[in-house]
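Here's the letter readout for the chains.
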Amino acid sequence: MGYLSAGWTEHFDRYFFNRHSPKGALSAPDDRSGIHVWTGRELGATIMQRGLHDWVMERLA
């Protein structure tokens, strides 16, 4: 993850990497609790649970 190695993590407490259909497996480092990787079904479920479906659809239009 280029952002993590570029020193960005000192500016924020949490990072979210969202990718619906990544090529290959993505995962957060085990020793970094503030880094979250959401892909596929987990990303879709989070969007629906948070009521963001309409917001996402508007931006994709």
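Residues numbered from 1 in each chain as written. Predicted model: local features only at pLDDT ≥ 70, side-chain atom pairs only at ≥ 80, totals over all residues. Heavy atoms only, no water.

A. Region of the structure containing the overall build of the protein chain. Helices and strands together make up the secondary structure of the protein chain, namely 3 helices and 2 strands. Across the protein chain, helices and strands are ordered from the amino to the carboxyl terminus as α-β-β-α-α. Burial analysis of the protein chain (61 residues in total) assigns 16% to the buried set. The long-range share in the protein chain, meaning contacts at least 24 apart out of those at least 6 apart in sequence, stands at 14%. (Helix = DSSP H or I, 4+ residues; strand = E, 2+ residues; numbered from the N terminus. Buried < 20%, exposed > 50% of the residue type's maximum accessible area, 1.4 Å probe, protein only. Contact = heavy atoms within 4.5 Å.)

B. Seen up close, the layout of surface pockets. Of the volumes computed, that of the largest pocket is approximately 310 Å³. When contributions to the lining of the largest pocket are tallied by element, the ones reaching two or more residues are helix 2 (40-49) and helix 3 (53-60). Broken down by class, the residue content of the lining of the largest pocket amounts to 9 nonpolar, 5 polar and no charged. (1 Å grid on protein atoms, 1.4 Å probe; cavity = no way out; pocket = protein on both sides within 12 Å on 5 of 7 lines; lining within 4 Å. Points joined across faces, edges and corners; volume = space filled by probe spheres on them. Nonpolar A, V, L, I, M, F, W, Y, C, P; charged D, E, K, R; others polar.)

C. Structural context of the confidence of the model for the protein chain. Mean pLDDT over the protein chain works out to 82, with 84% of the residues at or above the 70 mark. Mean pLDDT values for the elements of the protein chain range from 58 in helix 1 (residues 2-5) up to 91 in helix 3. (pLDDT = per-residue confidence, 0-100.)

D. Spatial organisation of the pattern of salt bridges. Applying the stated criterion to the full structure yields 1 salt bridge. Measuring nitrogen to oxygen at the nearest pair gives 3.6 Å for the salt bridge that ties R59 to E58. According to the relative accessible area criterion, E58 is exposed, its value standing at 56%. (Salt bridge = Lys/Arg side-chain N within 4 Å of Asp/Glu carboxyl O.)

E. Local environment of the environment of F12. Turning to its location among the elements, F12 is positioned in the loop between helix 1 and strand 1 (15-19). Assessed through its relative accessible area of 47%, F12 is described here as partly exposed. Put simply, F12 and G34 are 22 residues apart on the chain and 8.9 Å apart in space, counted from C-alpha to C-alpha.

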